[in-house]
Amino acid sequence: MILPHIRIGIDVGGTFTDFVLVDRATGRLGYHKEPSVPSDPSAAVENGLKGLIAAQGIDPSAIELVVHGTTIGLNATIQRRGARMAMVVSRGNRDVLEIARLRLPSSYDFTAPREAPLVPRDLMFEISARLRADGRVETDPDPDEIKALAQKLRASGVEAVAIMLLNSYRNPDMEIAVADALRAELPGVLITESAVVWPEVREYERALVAGLNASIHPLMTRYFDRLLGRVKGLGIAAPIYITANNGGTLSLETARARPIDTVLSGPASGVVAACRVGEAAGQPRLVTIDMGGTSADISIVQSGTPEFTTATFVGDFPLMMPVVNVGAIGAGGGSILWVDAQGVLKVGPLSAGADPGPVAYGRGGKDPTVTDCYLVLGIVDPDRFLGGRMRLDLGAARQALDKIADRIGLSGPDRAEAAAEAALRVASAKMATELTKLLATAGVDPRRFSLVAFGGAGPTHANLLAEEAGLTSVLVPTAPGTFCALGAILADVRRDYVRTARQLVGAGADPGGFELISETLKSLVAEASEWIAKEGAIVGAHDFVVTMRMRYPGQAYELDVAIPDARITTGPGLADLFHAEHHRLYGFAEQASPVQVTTLRVGVIGRVPPVTLPDQPPTKPVARSTRKVRHAGAFHIANVYDRDSLGQGALVLGPAIVEQLDTTSFVLPGWQALSDRIGTLHLTKVAS
């Protein structure tokens, strides 16, 4: 009998679906890329698993775990393709989504239209059930009213219902009772209670969490069912886990019940893998850039830990749940070049996607993309794209860029190369501007950070971005094109729990407030412990991470403060942590003021058996060939290396090109690349 010892990570992207296999018995890693199938992403998963199993020669019964990341829920929300759904609210709250936060979409454009609400007003239903601010019942649900509501919902043809009653974050029992009554009347309709999904104060944001979960619930349930069927059909009996917004993973059962926890999970997995690469490189301060076919996403890592946020957006809608803080900063490899009415060259935001893709793909694309620029400049080899599995049409890419060159006034035999270089400068400048703003907002010095580049186009563009942004170090992982899939199998199981507290601690505060905080924390820990015990046999020991949202009385918004175990024992200790964080961010603290703890958050982390990234044998680099590339207005002869030949200690001087199955790395003139113990390339400037 074969003991399961193989894990497979899967990341479904817009252009390709990526696979990473790790054999925990031998440390062997395997990689595979499969063209995505937008109409049914599970088909690409099935096809890719077949190819990976065949290429690696493994027995499906040896697989112990499959971890899957997807952007299906995110794409459905952005494109407004979620299920037809309704929302049930307390009487008088029907316009909660219409009113929102009463902010203009743009402070400088009075004509900018507002986004359409998640739920149209004719599908917002009011009932008399209501709670007071302290959680006590004001009006109980009326059974006859619930039956009449069920008839209206049935007649409206909705697939899902979200329930958000006033003040239910204080007491979820009323929402649960209404949901149970509706489930009895509406079999087959998926119902989400806001106080179960995320019981935090602020009605609008809580309504959105419940509404977003309900909107994608039917879609994700159908997808997970298809995914499970396809995977089991290949003879794989291993459990399936889904990557989560917080950088962890969830069992398929939890993800099916709470799909909102997965909508921003794809980029988070790459940041998790970057933390491991940074740890091996001895660099705890990182800026990650994930550049795929559509966009480039950035995140910050400090002290080896990803930065989290509760103020991100899913499409047009704010999401108050904790997610790894990943923000889009620019174009991807499939971003389209265009010229505006004033003759100014632009890159993105439109993308050629997987179909038709860049002009060089030969699938009918007419508009040149960033990938076409790499090809024309000599950075990408048309005969070795995806390891030679796909041949690119250099002539078609050049013709498309000639048209761009004509529109921006370039001439001469090298005008296609000049247009391509100009487009990459535009893309780099845009990304560098956004990167610099993000680092400045975080109050960190970019000179102390390394850029970790992954995604299919990340290593190709990373050195260009580093040069533009003034960064002096770049890390390129061994398999950057499948890096998010690697992060999926490196992640532990994690889920976050929340409660609203609104208690004062510190100077002049009633000690009873801290006692209530302590009791609430115990309740959250107990709830989290019960959940993690049911998440599967692969989960071993678990621990907890406590975060509190705190503010001075009268402030409108809070700061997230991480609470070490040793500081949870006293109210003044909690206040001191907030004073220190406030001083770090704003330069002052009100030591004589009490501190209000508004929200308690407990993250439970279930440890899975660790994966060790294998050491690479030492080698001396030998160039396979040379190639003419254009950079900074001039042509250079660059040495071309196979990534597999660059073992531990290999040093490459720029200009150089490093090719591998999933990407191409470009080392600029004046830079060098050194391979470390696990094969990560360290790009640094060469001393004068």
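Quick note: structure is the one above.
Scoring rules and cut-offs
Residues numbered from 1 in each chain as written. Predicted model: local features only at pLDDT ≥ 70, side-chain atom pairs only at ≥ 80, totals over all residues. Heavy atoms only, no water. Helix = DSSP H or I, 4+ residues; strand = E, 2+ residues; numbered from the N terminus. Rg over C-alpha atoms; globule rule 2.2 N^0.38 Å. Buried < 20%, exposed > 50% of the residue type's maximum accessible area, 1.4 Å probe, protein only. Contact = heavy atoms within 4.5 Å. Pairing = 2+ DSSP bridges. Axes fitted to C-alpha atoms, helices over the stretch in contact; angles between N-to-C directions. Phe/Tyr/Trp six-rings, centres within 6.5 Å; stacked < 30°, edge-to-face > 60°. Lys NZ or Arg CZ within 6 Å of the ring centre and 35° of its normal. Core = buried A, V, L, I, M, F, W, Y, C linked by side-chain atoms within 4.5 Å. Expected span 1.5 Å × (residues − 1). Arc of directions from axis to C-beta. Parallel < 35°, antiparallel > 145°, perpendicular 65-115°, else oblique. Nonpolar A, V, L, I, M, F, W, Y, C, P; charged D, E, K, R; others polar. Salt bridge = Lys/Arg side-chain N within 4 Å of Asp/Glu carboxyl O.

(A) Up close: the overall build of the protein chain. Within the protein chain, the secondary structure is distributed over 16 helices and 35 strands. Compactness check: the protein chain gives a C-alpha radius of gyration of 26 Å against a globular reference of 26 Å for 688 residues, within 12% of the reference. When each of the 688 residues of the protein chain is scored for burial, the buried share is 56%. Partitioning the contacts of the protein chain with sequence separation of at least 6, the portion at a separation of at least 24 is 69%.

(B) Region of the structure containing the sheet that holds strand β30 (residues 634-642). One open sheet holds the 4 strands; their spatial order is β29-β30-β32-β33, and the pairing between them is mixed. This sheet does not close on itself; its edge strands, each paired only once, are β29 (625-631) and β33 (664-667). Averaged over all pairs of adjacent strands, the angle between their axes in this sheet comes to 30 degrees, without regard to strand direction. Across 4 bridges, β30 lies against strand β32 (residues 656-659) in parallel orientation. Looking at β32, one finds that Asn-639 is bridged to Ala-656.

(C) Broad picture of the sheet that holds strand β10 (residues 190-193). Strand order in the open sheet formed by 4 strands is β6-β5-β9-β10, with parallel pairing between adjacent strands. Each end of this open sheet is capped by a strand with a single partner; those strands are β6 (124-127) and β10. Neighbouring strand axes in the sheet, compared pairwise and without regard to direction, differ in orientation by 20 degrees on average. Two strands pair when backbone bridges link them, and strand β5 (residues 85-90) and strand β9 (residues 160-164) are joined in this way by 5 bridges, in the parallel orientation. The residue of β9 that forms the bridge with Met-85 is Ala-160. Across the sheet, helix α5 (residues 173-185) touches β6, β9 and β10, and the angle it forms with β10 is around 175 degrees. Packed on one face of the sheet, helix α7 (residues 203-233) meets β5, β9 and β10 and runs near 160 degrees to β9.

(D) Inspection of the environment of Ala-25 at higher detail. As for its position among the elements, Ala-25 is in the loop between β2 (16-23) and β3 (29-35). In this structure Ala-25 comes out as exposed when scored by relative accessible area, which is 60%. A sequence separation of 22 residues divides Ala-25 from Leu-3, and the C-alpha atoms of the two residues are 10.0 Å apart.

(E) A look at the packing of aromatic side chains. Summed over the entire model, instances satisfying the criterion amount to 4 aromatic pairs. The interplanar angle of 45 degrees and the centroid separation of 4.8 Å between the aromatic rings of Phe-454 and Phe-483 together place this pair among those described as tilted. Residue Phe-454 is found in strand β23 (residues 450-454), and its partner Phe-483 is found in helix α14 (residues 483-490); the two are separated by 29 residues along the sequence. For Phe-454, a relative accessible area of 1% puts it in the buried group. A residue is classified by how much of its surface remains accessible, and Phe-483, at 2% relative accessible area, is buried. Between Tyr-552 and Phe-578, the ring centres sit 4.8 Å apart and the planes meet at 80 degrees, which makes this aromatic pair edge-to-face. One end of the pair, Tyr-552, is in the loop between β26 (542-551) and β27 (559-563); the other, Phe-578, is in helix α16 (residues 571-586), with 26 residues separating them in the sequence. For the pair Tyr-552 and Phe-578, one class covers both residues: buried. Above the plane of the ring of Phe-635 lies Lys-628, whose end atom (NZ or CZ) is 4.8 Å from the centre. The positively charged end of Arg-630 is found above the aromatic ring belonging to Phe-635, 5.6 Å away from the centroid.

(F) Structural context of the nonpolar core. By size, the foremost hydrophobic cluster in this structure holds 83 residues, and its most contacted members are Leu-97 and Leu-182. For this core, the leading source of residues is α7, giving 13 residues. Among residues more than four places away in sequence, those in contact with Leu-182 are Ile-146, Leu-149, Ala-150, Leu-153, Ile-163 and Ile-191. If you look at the next biggest cluster of nonpolar residues, it comprises 73 residues, including Ile-298, Leu-386, Ala-457 and Leu-471.

(G) Structural view of the side chain of Thr-312. Along the polypeptide, Thr-312 turns up in strand β17 (residues 312-314). For Thr-312, a relative accessible area of 12% translates into the label buried. In contact with Thr-312, other than residues within four places in its own chain, are Leu-264, Phe-317, Pro-318, Leu-319 and Val-323.

(H) Local environment of the side chain of His-631. Position of His-631 among the secondary structure elements: in strand β29. Residue class for His-631 comes out buried when judged on its relative accessible area of 16%. Among residues more than four places away in sequence, those in contact with His-631 are Glu-421, Leu-464, Glu-467, His-636, Phe-666, Leu-668 and Pro-669.

(I) Spotlight on helix α15 (residues 511-532). With 22 residues, α15 extends 32 Å from end C-alpha to end C-alpha; this agrees with the ideal 32 Å at 1.5 Å per step. By the burial criterion, the buried members of α15 are Gly-513, Phe-514, Ile-517, Ser-518, Leu-521, Leu-524, Ala-528, Trp-531 and Ile-532. Mapping the buried residues of α15 onto a view down its axis gives an arc of 145 degrees, with all of them on the same face. Projecting away from the buried face of α15 at angles above 90 degrees are the exposed residues Pro-511, Glu-515 and Lys-522.

(J) Geometry of α14. Where burial is concerned, most of α14 is hidden: 8 out of the 8 residues are buried. Taken together, the buried positions of α14 are occupied by Phe-483, Cys-484, Ala-485, Leu-486, Gly-487, Ala-488, Ile-489 and Leu-490.

(K) Broad picture of the packing of helix α9 (residues 265-281) against α14. Where α9 contacts α14, the two axes come as close as 7 Å, and the packing angle between them is 75 degrees. Here α14 runs roughly perpendicular to α9, going by the angle between their axes. Every residue of α14 that contacts α9 at Gly-266, Ser-269, Gly-270, Val-272, Ala-273, Ala-274, Arg-276 and Val-277 is listed here: Phe-483, Cys-484, Gly-487, Ala-488 and Leu-490. Grouping the amino acids of the contact of α9 with α14 by side-chain chemistry returns 8 nonpolar, 4 polar and 1 charged.

(L) Main features of the pattern of salt bridges. Here the structure, examined in full by the defined rule, presents 50 salt bridges. We note a salt bridge from Asp-340 to Lys-346, for which the minimum N-O separation is 3.4 Å. Given the relative accessible area of 14%, Asp-340 is considered buried. For Lys-346, a relative accessible area of 31% puts it in the partly exposed group. Note that Arg-494 is salt-bridged to Asp-496, the shortest N-O span being 3.3 Å. Side by side, Arg-494 and Asp-496 carry an identical accessibility label, which is buried.

(M) Representation of unusual backbone geometry. Pro-349 follows Gly-348 through a cis peptide bond whose omega is 5 degrees. Looking at where Pro-349 falls in the secondary structure, it is placed in strand β22 (residues 345-351). Here the residue pair Gly-654 and Pro-655 is connected by a cis peptide bond, since its omega of 5 degrees sits within 30 degrees of zero. Tracing the backbone through its elements, the reader meets Pro-655 in the loop between β31 (651-653) and β32. Notably, Ala-100 is not glycine yet its phi reads approximately 50 degrees, a positive angle. Mapped onto the elements of the fold, Ala-100 is located in the loop between α3 (96-99) and β6. By relative accessible area, which is 18% here, Ala-100 ends up buried.

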